[in-house]
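# Architecture at a glance
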Amino acid sequence: MAVLVTGGAGYIGSHMVAELLENKIETVVLDNLSTGNREAVLCDRFYEGDIKNSSDLDKVFSENEIDSVIHFAASSLVGESMSNPLKYYNNNVCGTAVLLEAMIKYDVKNLVFSSTAAVYGETDAIPITEETPVNPKSPYGETKLAIEKMIDWTARSSGINYISLRYFNACGAHKNGRIGEWRTHETHLIPLILQYSRGLRDGFKVFGNDYDTPDGTCVRDYIHVIDLVKAHTAALVYLKSGGKSEIFNLGLGNGFSVLEIIRAAEKVIGQKIKYTVSERREGDPAVLIASNEKARKMLLWECKIKDPVEIIEDAWKFYLKHPKGYN
Ligand code: UDP
């Protein structure tokens, strides 16, 4: 039996595929390559197609014996979702509805869904548990929450079992340097710092240094992408051994400030990183740290990589091998 990875050409999806292959699990990828990279997909069974298109799903499910789906395919830029919300409702919510219909049609029972800490919005809770009230502040977070609920209602009537995983700040790259974090439109801290250091960007700004944090810059929970994808494998094991549907936070359970990340990057690169301090970015809370206790206990999983220097070393390896990103 095989696992279908939707969005397997994206940043986290491509690392998921590598992890499944390393565990000798048959893997099939469906991706429309709107933001993903074919070069990042390390498995042979690749379908270029769209989850919104039921005939693409028919082809994938009828040509392969799939018993589980790990669902990453989505639009995932917070800023873009503010200016183009309907793109997010269409791709994320409508797309997942079509995927769920196909899962029911082909009697596929196990689903791991890629959700986000953005469902919590601007919370003061430290750490954030799965019980922290949800309050998304963008169509991106709102659509991920809508999907979580749609999956839950569908699961109740269809016999699908699911795990929704709310990611904090995914970062780092595969240890082999072959795959990593690369987007045409980049907004994330670590890739921006690395691209700036490689001369691919004109400047780098720290968004606000007047937050109520030890050094005034925002604190986030940076989880290595390899630890993140290993939690998905643990979620599949959990579902296949009869575990019931659940939601889990995925984070390191510890936070680092923007300046701490800059210092860690300087150690890895061996050069000073020049930055300017600008206004706060709209919607950025001071501190976002996950409680990962529930995932540790129920999925028997833990974060192994705890040092931002190791995370950035791995991300840097990818940049050294791909000076201009994927082709
Ligand atoms: N950040 C920054 N400069 C940038 C990009 C991000 O100072 O050019 C900060 C941002 O304000 C946040 C942290 O880095 O505090 C992580 O931001 P990112 O966009 O990577 O992830 P988010 O936490 O927004 O999901």
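In this report, the structure presented in the accompanying data block is examined. These figures come from a predicted structure and were not determined experimentally.

## Structural notes on the overall build of the protein
- From N to C terminus, the protein includes 10 helices and 14 strands.
- Its C-alpha atoms give the protein principal-axis dimensions of about 55 × 40 × 40 Å.
- Looking at the protein as a whole, 59% of its 327 residues qualify as buried.
- Here the analysis covers contacts within the protein between residues at least 6 apart in sequence; of these, 77% occur between residues at least 24 apart.
- Side-chain charges in the protein split into 37 positive and 43 negative, and the spacing between the mean points of these groups amounts to 3 Å.

## A few points about the site of the ligand
- Near the ligand you find 15 residues, and of these Leu 189, Lys 205, Phe 207, Arg 281 and Asp 284 are the closest.
- The contact in question runs from an oxygen atom of the ligand to an N or O atom on the backbone of Thr 187, over 3.3 Å.
- Within the contact set of the ligand, an oxygen atom lies 2.6 Å away from a side-chain nitrogen or oxygen of Asp 284.
- With the chains in place, 86% of the 510 Å² that the ligand exposes on its own is no longer accessible.

## Comments concerning helix α10 (residues 308–321)
- For α10, built from 14 residues, the straight-helix expectation of 20 Å at 1.5 Å per residue is met to within 8% by its first-to-last C-alpha distance of 20 Å.
- Listed as buried for α10 are Pro 308, Val 309, Ile 311, Ile 312, Asp 314, Ala 315, Trp 316, Phe 318 and Tyr 319.
- If you follow the buried residues of α10, they end up packed against β7 (169–171), α6 (189–197), β10 (222–224), β12 (256–257) and α8 (258–269).
- Backbone nitrogen of Val 309 and a side-chain oxygen of the N-cap are separated by 2.9 Å at the start of α10; the cap is Asp 307.

## Here's the deal with the sheet that holds strand β4 (residues 66–71)
- With respect to topology, 7 strands assemble into an open sheet ordered β3-β2-β1-β4-β5-β6-β11, the strand pairing being parallel. Unpaired on one side and paired on the other, β3 (46–48) and β11 (246–250) mark the two borders of the sheet. Direction aside, the axes of adjacent strands within the sheet are offset by 20° on average.
- Of the strand pairs in this sheet, strand β1 (residues 2–6) and β4 are connected by 5 bridges, and their pairing is parallel. Looking across to β4, one finds that Val 5 is bridged to Ile 70.

## Points about the environment of Asp 124
- Here Asp 124 shows up in the loop between β5 (110–116) and α5 (139–158).
- Of the residues examined, Asp 124 reaches a relative accessible area of 74% and is grouped as exposed.
- The sequence separation of Asp 124 and Leu 192 amounts to 68 residues, and the corresponding C-alpha distance is 27 Å.

## A few points about the packing of α8 against α10
- Viewed as axis vectors pointing N to C, α8 and α10 meet at an angle of 55°, and their least axial separation amounts to 9 Å. In this view, α8 runs oblique relative to α10, as classed from their interaxial angle. Crossing geometry of α8 relative to α10 is assigned as right-handed. Residues Ile 261, Ala 264, Ala 265, Lys 267, Val 268 and Ile 269 of α8 form the contact with α10, whose own contacting residues are Pro 308, Val 309, Ile 312, Glu 313 and Trp 316.

## Considerations on unusual backbone geometry
- With an omega of -10°, the peptide bond between Ile 126 and Pro 127 qualifies as cis.
- Turning to its location among the elements, Pro 127 is positioned in the loop between β5 and α5.
- Even without being glycine, Asp 107 reaches a positive phi, approximately 55°.
- On the secondary structure map, Asp 107 appears in the loop between α4 (85–105) and β5.

The rules behind the values
Residues numbered from 1 in each chain as written. Predicted model: local features only at pLDDT ≥ 70, side-chain atom pairs only at ≥ 80, totals over all residues. Heavy atoms only, no water. Helix = DSSP H or I, 4+ residues; strand = E, 2+ residues; numbered from the N terminus. Buried < 20%, exposed > 50% of the residue type's maximum accessible area, 1.4 Å probe, protein only. Contact = heavy atoms within 4.5 Å. Lys, Arg positive; Asp, Glu negative; His and termini not counted. Charge placed at Lys NZ, Arg CZ, Asp CG, Glu CD. Near = heavy atom within 4 Å. Polar contact = N/O pair within 3.5 Å; in protein donor to acceptor, adjacent residues only side chain to side chain. Areas by Shrake-Rupley, 256 points an atom, 1.4 Å probe, with all protein chains shown as cover. Expected span 1.5 Å × (residues − 1). Pairing = 2+ DSSP bridges. Axes fitted to C-alpha atoms, helices over the stretch in contact; angles between N-to-C directions. Parallel < 35°, antiparallel > 145°, perpendicular 65-115°, else oblique. Left-handed = near helix turned anticlockwise from the far one by under 90°.

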